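Single-letter residue listing:
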Amino acid sequence: KNEVEQSPQNLTAQEGEFITINCSYSVGISALHWLQQHPGGGIVSLFMLSSGKKKHGRLIATINIQEKHSSLHITASHPRDSAVYICAVLIYGNKLVFGAGTILRVKS
Amino acid sequence: SAVISQKPSRDICQRGTSLTIQCQVDSQVTMMFWYRQQPGQSLTLIATANQGSEATYESGFVIDKFPISRPNLTFSTLTVSNMSPEDSSIYLCSVGTSGDIQYFGAGTRLSVL
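Attention in this report is confined to the structure presented alongside it.

Thresholds, definitions, all that
Residues numbered from 1 in each chain as written. Chains lettered and ligands numbered in written order. Predicted model: local features only at pLDDT ≥ 70, side-chain atom pairs only at ≥ 80, totals over all residues. Heavy atoms only, no water. Helix = DSSP H or I, 4+ residues; strand = E, 2+ residues; numbered from the N terminus. Rg over C-alpha atoms; globule rule 2.2 N^0.38 Å. Contact = heavy atoms within 4.5 Å. Lys, Arg positive; Asp, Glu negative; His and termini not counted. Charge placed at Lys NZ, Arg CZ, Asp CG, Glu CD. Salt bridge = Lys/Arg side-chain N within 4 Å of Asp/Glu carboxyl O. Disulfide = S-S within 2.5 Å. Buried < 20%, exposed > 50% of the residue type's maximum accessible area, 1.4 Å probe, protein only. Pairing = 2+ DSSP bridges. Axes fitted to C-alpha atoms, helices over the stretch in contact; angles between N-to-C directions.

Describing the overall build of chain A
So, point 1. Along the backbone of chain A there are zero helices and 11 strands.
So, point 2. Reading chain A from its N terminus to its C terminus gives the helix and strand order β-β-β-β-β-β-β-β-β-β-β.
So, point 3. Taking 108 residues into account, the globule formula puts the C-alpha radius of gyration at 13 Å, and chain A, at 13 Å, falls close to it.
So, point 4. A principal-axis box enclosing the C-alpha atoms of chain A has dimensions of 40 × 25 × 25 Å.
So, point 5. Taking all contacts inside chain A whose residues are at least 6 apart in sequence as the whole, residues at least 24 apart take part in 53%.
So, point 6. Charged side chains of chain A number 10 positive and 6 negative; the gap between the two group centres comes to 5 Å.

Right, here's the structure in full:
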C-alpha cells in the first residue's frame, strides 16, 4: 500500500464545475503539499498545510490531521486548470513522499 | 521564496553517454533534493544533496550511476551516467527553505535512444 493515496486518478469536468481531489496518507507528517504539474514537467507548489484550511483565489485546501486526510477544491473550474495535481507529504528529514497524482481535464 | 533555474530543460542522448543537470538557486539553502519522474509515474526521491558532505541516496539509487555535486549553498549538479533507455525520465531538483516550503525547478526531460 502506498503511503500517499490520491483519488480520483483521472477527472474530467465541465467548465464551471466544483472539483474535489482527495489525499489520504498513512505516515506521520510535518506538512502536506498540494502541487500542480503542467505537461512540460514544471511543478508549482499551490499550498503547504499543517492544519486547517487555506484559500488562494479559486483554490481551497483543507487538512484533517487526525483523519490523515486532505482535500483540494477548485471552484468555478476553467480549462486552464487542466493539469496533474499531486499531493505530497513532508516526512522526517525534510523528505517529500508523493501521491500518484490526479490528472484533471476541464472542458470548455 | 526561492527561484530555481534548472538546465538543460530537455535533452536527447545516446545510450552509454552521460548527462549533467544543473540546478541554481537564487538564495542559500541547506538542502537540495533530486527527483526522478518516470513516464506515467509519480516523483521518486533520488538523493539529498548537502553542502559540505556526500549526498544521501535513497534505496535503489547509487552514487556511481547518479553522482551529485554540491559545491556551495546555491548550486548542485546531478549526473546520469552510462545512460540506457530506462533512464528516460523527467529529473527535477527542489529546495526546502525555512518553514518547510518546497520549491521546484522546471525539470529536465531526458530521452535516451
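Here the narrative resumes, following the displayed structure.
Observations regarding the pattern of salt bridges
Residue and element names in this part refer to chain B.
So, point 1. Counted according to the given criterion, the structure contains two salt bridges over all chains.
So, point 2. Notably, a salt bridge pairs Lys65 with Asp87, separated by 2.6 Å at the nearest N-O pair. Of this pair, Lys65 sits in the loop between β6 (56–57) and β7 (68–72) while Asp87 sits in the loop between β8 (75–80) and β9 (89–96), and the two are 22 residues apart along the sequence.

Looking at the state of the cysteines
Residues and elements named next belong to chain B.
So, point 1. Using the criterion set out here, one finds two disulfides over all chains in the structure.
So, point 2. Between the sulfur of Cys23 and that of Cys93 lies a disulfide, 2.0 Å long from S to S. Every disulfide takes its handedness from the sign of the S-S torsion; for Cys23 and Cys93 that torsion is 70°, giving right-handed. In this pair, Cys23 sits in strand β3 (residues 19–25) while Cys93 sits in strand β9, placing the two residues 70 residues apart along the sequence. Comparing Cys23 with Cys93 shows no difference in burial state: the two are buried.
So, point 3. This cysteine, Cys13, is not joined by any disulfide, and Cys93 carries the nearest cysteine sulfur, 17 Å off.

Considerations on the sheet that holds β7 of chain B
All names here are of chain B.
So, point 1. Taken in spatial order, the four strands make up an open sheet running β1-β3-β8-β7, and their pairing is antiparallel. Lying at the two open borders of the sheet, with one neighbouring strand each, are β1 (4–7) and β7. The mean inter-strand angle of the sheet, taken between neighbouring strand axes irrespective of direction, is 15°.
So, point 2. Where β7 and β8 come together, three bridges link them in antiparallel fashion. When the bridges of β8 are listed, Ser69 appears paired with Thr77.

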